[in-house]
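Coordinate inspection notes
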Protein chains: 2
Amino acid sequence: MEKVSKPHAARMVFAKNLRQVRRLKEVSQEALALQAGLSRTYVSEVERGERNVSIDNMGLLADALGVKLKELLDPEMLKTL
Amino acid sequence: MEKVSKPHAARMVFAKNLRQVRRLKEVSQEALALQAGLSRTYVSEVERGERNVSIDNMGLLADALGVKLKELLDPEMLKTL
DNA sequence: ATGTGACTTTAAGTCCGTA
DNA sequence: ATACGGACTTAAAGTCACA
């Protein structure tokens, strides 16, 4: 049996990593949203995997946190820290 | 001077890598679109960086090509091949 | 086999509030 | 500081005909 990846797998990885990195850097959702030029409520939803975030906004969020975008897409990100 | 990343940097990296991997695997836009469950014209636009593609669709495209999504976001992807 | 413009439908993204 | 909801506007998703 081929393991087929779930529909929102990438979305959930990004959501989880985003929150993890943000907390590690001790920045609030508000501050992150401001830095990225996005709304606070939106960032909240992205972190919970409720929004199908676009690549442009992913780039803004990665930049705002000072990390590479590819890192936020890495399911193993925790270990690389 | 701090080098500030351009607005659509991530989008263009993804576009370029997507096309590169697709051609390397010798699959047409049509076949890729079919495999990913997307329209052919849409894939064409994504590869040219004209569409602000969502993370869900990025996941579908990465899966269809049999690569990790994080690889398609790596600006240095060429060298890792 | 791919690029492009025009188009409609859907969901992204914002802003207000509450707890 | 964050989750969540409603109402709203903008942009992405998705399709088509033709170059």
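For clarity, every value in this text was computed on a predicted model and none was experimentally measured.

What about the protein's contact with DNA strand D?
Surveying the vicinity of DNA strand D reveals 18 residues, the closest of which are Arg19(A), Gln29(A), Arg48(A), Tyr42(B) and Arg51(B). Counting only atoms of DNA strand D within 4 Å of the protein, the fraction found in sugar and phosphate groups is 64%. Here a phosphate oxygen of DNA strand D and a side-chain polar atom of Tyr42(B) are 2.6 Å apart. In this structure, Asn52(B) approaches DNA strand D through a side-chain N or O atom, which is 2.8 Å from a phosphate oxygen. The biggest single contributor to the surface near DNA strand D is helix H3 (residues 40-47) of chain A, with three residues.

As for the pattern of salt bridges
Going through the model one piece at a time under the given rule, you end up with 12 salt bridges over all chains. Close ionic contact of Arg51(A) with Glu45(A) constitutes a salt bridge, the shortest N to O distance being 3.3 Å. The partner of Glu47(B) in a salt bridge is Arg19(B), and the shortest N-O contact between them spans 2.8 Å. A residue pair is termed long-range when its members are at least 10 positions apart, and Glu47(B) in helix H3 (residues 40-47) and Arg19(B) in helix H1 (residues 9-24) qualify at 28 residues. By relative accessible area, which is 5% here, Glu47(B) ends up buried. Taken together, the salt bridges that share partners define one network made up of Arg19(A), Arg22(A) and Glu47(A).

Structural notes on the packing of helix H2 (residues 29-36) of chain A against H3(A)
All names here are of chain A. Interhelical geometry of H2 versus H3 gives an angle of 110° and a closest axis separation of 8 Å. Taken together, H2 and H3 sit at an angle that is classed as roughly perpendicular. At the point where H2 passes H3, the crossing takes the right-handed sense. Here H2 contributes Gln29, Glu30, Leu32 and Ala33 to the contact with H3, which in turn contributes Arg40, Val43, Ser44 and Glu47.

Structural notes on unusual backbone geometry
In the Ramachandran plot, Glu26(A) falls in the positive-phi region, its phi being about 55° despite a non-glycine side chain. Note that Glu26(A) resides in the loop between helix H1 (9-24) and H2.

Re the relation of the copies chain B and chain A
You can overlay chain B on chain A at an RMSD of 0.1 Å; the transform is a turn of 180° with a shift of 0.0 Å along its axis. Read as a symmetry element, the transformation amounts to a two-fold axis. No C-alpha of chain B approaches the rotation axis more nearly than that of Ser54(B), which lies at 2.0 Å. When you check the interface residues of chain B against chain A, 100% turn up at the interface there too, and the contact is symmetric in its surfaces.

Things to note about the nonpolar core
Generally speaking, a soluble globular protein has its nonpolar side chains buried in company with each other. Core analysis: the biggest nonpolar cluster contains 44 residues, and Phe14(A), Leu69(A), Phe14(B), Leu61(B) and Leu69(B) have the highest contact counts within it. For Phe14(B), the contacting residues outside a window of four places in its chain are Ile55(A), Val46(B), Val53(B), Met58(B), Leu61(B), Leu69(B), Leu72(B) and Leu73(B).

Some points on the interface of chain B and chain A
With 17 residues of chain B at the contact, the number on the chain A side is 18 residues. Considering only the surface of chain B that becomes buried against chain A, Ile55(B), Asp56(B) and Lys70(B) emerge as the three largest contributors, covering 41% of it. Secondary-structure elements contributing two or more residues to the side of chain B that touches chain A are H1, helix H4 (55-65) and helix H5 (69-72) of chain B. The biggest single contributor to the side of chain B that touches chain A is H4(B), with five residues.

What about the UniProt feature "domain: HTH cro/C1-type" (unreviewed entry) in chain A?
As recorded in UniProt, the feature "domain: HTH cro/C1-type" (unreviewed entry) lies at residues 18-72 of chain A. The distance from the first to the last C-alpha atom of residues 18-72 of chain A is 6 Å, and the span holds 69% helix and 0% strand.

Cut-offs and rules
Residues numbered from 1 in each chain as written. Chains lettered and ligands numbered in written order. Predicted model: local features only at pLDDT ≥ 70, side-chain atom pairs only at ≥ 80, totals over all residues. Heavy atoms only, no water. Near = heavy atom within 4 Å. Polar contact = N/O pair within 3.5 Å; in protein donor to acceptor, adjacent residues only side chain to side chain. Helix = DSSP H or I, 4+ residues; strand = E, 2+ residues; numbered from the N terminus. Salt bridge = Lys/Arg side-chain N within 4 Å of Asp/Glu carboxyl O. Buried < 20%, exposed > 50% of the residue type's maximum accessible area, 1.4 Å probe, protein only. Axes fitted to C-alpha atoms, helices over the stretch in contact; angles between N-to-C directions. Parallel < 35°, antiparallel > 145°, perpendicular 65-115°, else oblique. Left-handed = near helix turned anticlockwise from the far one by under 90°. Contact = heavy atoms within 4.5 Å. Least-squares fit on C-alpha atoms with pLDDT ≥ 70 in both. Core = buried A, V, L, I, M, F, W, Y, C linked by side-chain atoms within 4.5 Å. Buried area = accessible area lost by both parts, 1.4 Å probe. UniProt positions renumbered as here; feature names shortened; annotations may be inferred.

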